[in-house]
Amino acid sequence: MDIKRFNFKDMSRRAKVALVGFIAAVVIAFVAAFGLFAGANGPSRAIMDQVIESEVADTLPSAGVYDAEGTWEITSVKIISKERHAVEGMLASQFGDAYYAVAAQVKASNGSAEVERSISCDFVKYEGTWQLVSSPRTESETWHALAGPDKKKLMEHAGDALRMVDSAKRTNELQMLYKDCKASVEDLTFDEEKQTASAQLVFKRENAFSTAGATIDVDFEFGNGQWGIKSAKANGDAAKLSYDKLVGTWRGAFQSTAADDGNCFGAQNAELVLKIASVDSESGKVEGTFQGLAHNHAYLDDDANGCEGDSDTGEIAFVATLNESEVIGKNYEGMLTMTIGTGFTAPETAHGKVRISFGFGTREDENAAVAKLTTQANIKKGYRSSSMFEDTYTLTKEK
């Protein structure tokens with residue numbers, strides 16, 4: 001029969017019905033066969049990619065302490081194998097007669113690091129959709145840094161390097177010395193081939209009276225997508241305070257006076273001059289001279305603006321040692337605890353003894369500079385053979 005001359009309209013009604021039925025049967029059979037074939041092949045590539053990508057993305061680490069912030073993106077999913085296995089027993093009623101064991105290789109990057117992860121997982125068909133039995137299993141993974149530690153993050157967490165240096169020495173001196181200091185980051189290097197990084201963290205501390213500086217050489221190691229400190233080493237003088245800023249002439253303005261009995265205000269119009277010639281930051285030795293008013297007279301029955309015997313000490317040389325948390329003064333009510341300070345008693349004369357004590361910084365005021373000049377006058381009056389007077393001065397350094 002010539003198919004080109006075939007005319008559906010010329011067919012009898014009975015033939016037409018038979019032909020339509022045949023075609024429908026063929027279509028139904030084809031669809032059924034295709035569906036069976038598709039089911040037999042398990043989850044499609046698109047489904048596997050989508051599910052694996054979502055699962056792996058949820059397991060990637062957030063940015064570490066020293067890492068730049070970035071969003072992880074799955075760059076590729078490669079299906080290595082997909083094997084059909086029989087589902088046995090009661091589970092077959094829920095998941096069908098087969099599950100698929102899938103092995104894949106996943107790559108991801110956040111701009112600063114990348115990872116290549118080999119995973120394995122099992123798919124089953126549940127309620128008409130292919131799903132994972134459990135989260136993918138990591139068989140192996142390889143991390144690779146694309147950039148070194150983030151400079152801003154290093155500055156924010158620079159105290160970690162101080163802590164590591166102190167820990168090696170079983171102390172906390174650097175942490176205490178630089179606890180309020182911000183570090184600068186210098187010589188930050190990254191070797192992508194060796195997957196290493198290093199940096200210098202520079203700390204500087206300075207107030208009105210002292211300076212200190214530390215350079216910490218830090219080596220970093222990269223692992224599991226994050227940078228961490230491998231080692232930290234400080235320069236030899238990192239814990240050393242320099243008091244060179246104390247060197248110079250300090251002039252004292254009278255603030256108050258105290259005595260055993262009546263107060264003598266003879267020093268209110270006088271000036272104390274403290275000259276610091278040198279300070280050895282290693283030993284704390286300080287040398288210089290001082291000059292002020294001494295009360296070379298007996299105790300007073302009442303307060304007075306001055307008294308015969310008030311006289312200038314002349315310039316007196318001293319050698320003393322600076323101490324931390326030094327208490328200055330002899331008068332109990334007027335004693336002050338200074339951050340750093342010292343005292344010196346001049347050799348005794350026929351009039352008695354003169355002692356200077358001075359210090360810098362207090363708990364309330366780190367810029368405080370105070371001196372006290374104490375006179376023990378060996379002048380007999382009544383039953384007493386000596387009297388004590390103490391004048392307090394606020395120190396200001398000459399520029």
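Residues numbered from 1 in each chain as written. Predicted model: local features only at pLDDT ≥ 70, side-chain atom pairs only at ≥ 80, totals over all residues. Heavy atoms only, no water.

Regarding the overall build of the protein
Then, number 1: When helices and strands are tallied, the protein shows 6 helices and 20 strands.
Then, number 2: A buried classification covers 37% of the 399 residues belonging to the protein.
Then, number 3: Pairs at least 24 apart in sequence give 57% of the contacts found in the protein among residues at least 6 apart.
Then, number 4: With an accessible surface of roughly 23100 Å², the protein has 50% of that area assigned to carbon and sulfur atoms. (Helix = DSSP H or I, 4+ residues; strand = E, 2+ residues; numbered from the N terminus. Buried < 20%, exposed > 50% of the residue type's maximum accessible area, 1.4 Å probe, protein only. Contact = heavy atoms within 4.5 Å. Areas by Shrake-Rupley, 256 points an atom, 1.4 Å probe, with all protein chains shown as cover.)

Things to note about the pairing of strand E4 (residues 129–132)
Then, number 1: Residues Trp130 and Leu132 line the buried face of E4, whereas the alternating positions Thr129 and Gln131 sit on a face that is not buried.
Then, number 2: Of the strand pairs in this sheet, strand E3 (residues 113–126) and E4 are connected by 4 bridges, and their pairing is antiparallel. Residue pairing in the sheet places Lys125 in a bridge with Trp130 of E4. (Pairing = 2+ DSSP bridges.)

Things to note about empty space enclosed by the protein
Then, number 1: A full pass over the atoms with the stated rule returns 1 cavity of 30 Å³ or more.
Then, number 2: Considered as a void within the structure, the largest cavity measures approximately 70 Å³ in volume.
Then, number 3: In terms of lining, the largest cavity is formed by Asp67, Ala68, Asn110, Ser112, Ala113, Ala147, Gly148, Phe222, Gly225 and Trp227.
Then, number 4: Partitioned by chemical class, the residues of the lining of the largest cavity number 5 nonpolar, 4 polar and 1 charged. (1 Å grid on protein atoms, 1.4 Å probe; cavity = no way out; pocket = protein on both sides within 12 Å on 5 of 7 lines; lining within 4 Å. Points joined across faces, edges and corners; volume = space filled by probe spheres on them. Nonpolar A, V, L, I, M, F, W, Y, C, P; charged D, E, K, R; others polar.)

Concerning the sheet that holds strand E19 (residues 369–377)
Then, number 1: An order of E15-E12-E11-E10-E20-E19-E18-E17-E16 is seen for the 9 strands of this open sheet, with the pairing classed as antiparallel. Only two strands of the sheet have a single partner each, and these edge strands are strand E15 (316–321) and strand E16 (323–328). Put simply, the sheet's adjacent strands are angled 35° from each other on average, direction ignored.
Then, number 2: Relative to strand E17 (residues 336–345), E16 is paired through 5 bridges, and the arrangement is antiparallel. Bridging from a neighbouring strand, Val327 pairs with Thr337 of E17. (Axes fitted to C-alpha atoms, helices over the stretch in contact; angles between N-to-C directions.)

Some details on a negative patch on the surface
Then, number 1: Taken together, the side chains of Asp180, Glu364, Asp365 and Glu366 make up a negatively charged region of the molecular surface.
Then, number 2: Positionally, Asp180 belongs in the loop between helix H6 (173–177) and strand E6 (184–191). (Patch = residues over 30% accessible without salt bridge, like charges linked within 9 Å, V, L, I, M, F, W, Y side chains within 5 Å. Salt bridge = Lys/Arg side-chain N within 4 Å of Asp/Glu carboxyl O. Lys, Arg positive; Asp, Glu negative; His and termini not counted. Charge placed at Lys NZ, Arg CZ, Asp CG, Glu CD.)

Structural notes on the sheet that holds strand E7 (residues 196–206)
Then, number 1: Reading across the sheet, the 4 strands line up as E6-E7-E8-E9 and stay open at both edges, with antiparallel pairing between neighbours. Each having just a single partner strand, E6 and strand E9 (226–234) make up the two edges of the open sheet. Pairs of neighbouring strands in the sheet enclose a mean axial angle of 20°, with direction left out of account.
Then, number 2: Bridging between E7 and strand E8 (residues 211–223) involves 11 bridges; their strand directions are antiparallel. The residue of E8 that forms the bridge with Gln200 is Asp217.
Then, number 3: Here helix H5 (residues 159–169) sits on the sheet and contacts E7, E8 and E9; the angle it forms with E9, its principal contact strand, is near 55°.

What about the layout of surface pockets?
Then, number 1: Quantified by volume, the largest pocket comes out at close to 1000 Å³.
Then, number 2: In terms of lining residues, the largest pocket is bounded by 31 residues, among which Leu177, Arg205, Asn207, Leu241 and Thr339 are the most central.
Then, number 3: Contributions of two or more residues to the lining of the largest pocket are made by H6, E7, E16 and E17.
Then, number 4: Top element by residues in the lining of the largest pocket is E17. It accounts for 4 residues.
Then, number 5: Within the lining of the largest pocket, the residues separate by chemical class into 11 nonpolar, 11 polar and 9 charged.

A word on the packing of aromatic side chains
Then, number 1: Tallied over the full model, the rule gives 15 aromatic pairs.
Then, number 2: Aromatic side chains Phe254 and Phe265 sit 6.5 Å apart centroid to centroid with 75° between the ring planes, which places their arrangement in the edge-to-face category. With a gap of 11 residues between them, Phe254 in strand E10 (residues 248–259) and Phe265 in the loop between E10 and strand E11 (272–279) connect regions that are remote in the sequence.
Then, number 3: For Phe254, a relative accessible area of 17% corresponds to the buried category.
Then, number 4: Sitting over the ring of Tyr100, Lys82 keeps its end group 5.7 Å from the ring centre.
Then, number 5: Lys381 extends its terminal NZ or CZ atom over the ring of Tyr299, reaching a point 4.5 Å from the ring centre. (Phe/Tyr/Trp six-rings, centres within 6.5 Å; stacked < 30°, edge-to-face > 60°. Lys NZ or Arg CZ within 6 Å of the ring centre and 35° of its normal.)

A word on the nonpolar core
Then, number 1: Judged by nonpolar contacts, the single largest core of 78 residues is most densely connected at Ile52, Ile216 and Phe360.
Then, number 2: With 6 residues, E8 is the single largest residue contributor to this core.
Then, number 3: Excluding residues that lie within four positions of it along the chain, Phe360 makes contacts with Phe209, Leu246, Trp250, Ile276, Met338, Thr339, Ile340, Ala368, Ala369 and Leu395. (Core = buried A, V, L, I, M, F, W, Y, C linked by side-chain atoms within 4.5 Å.)

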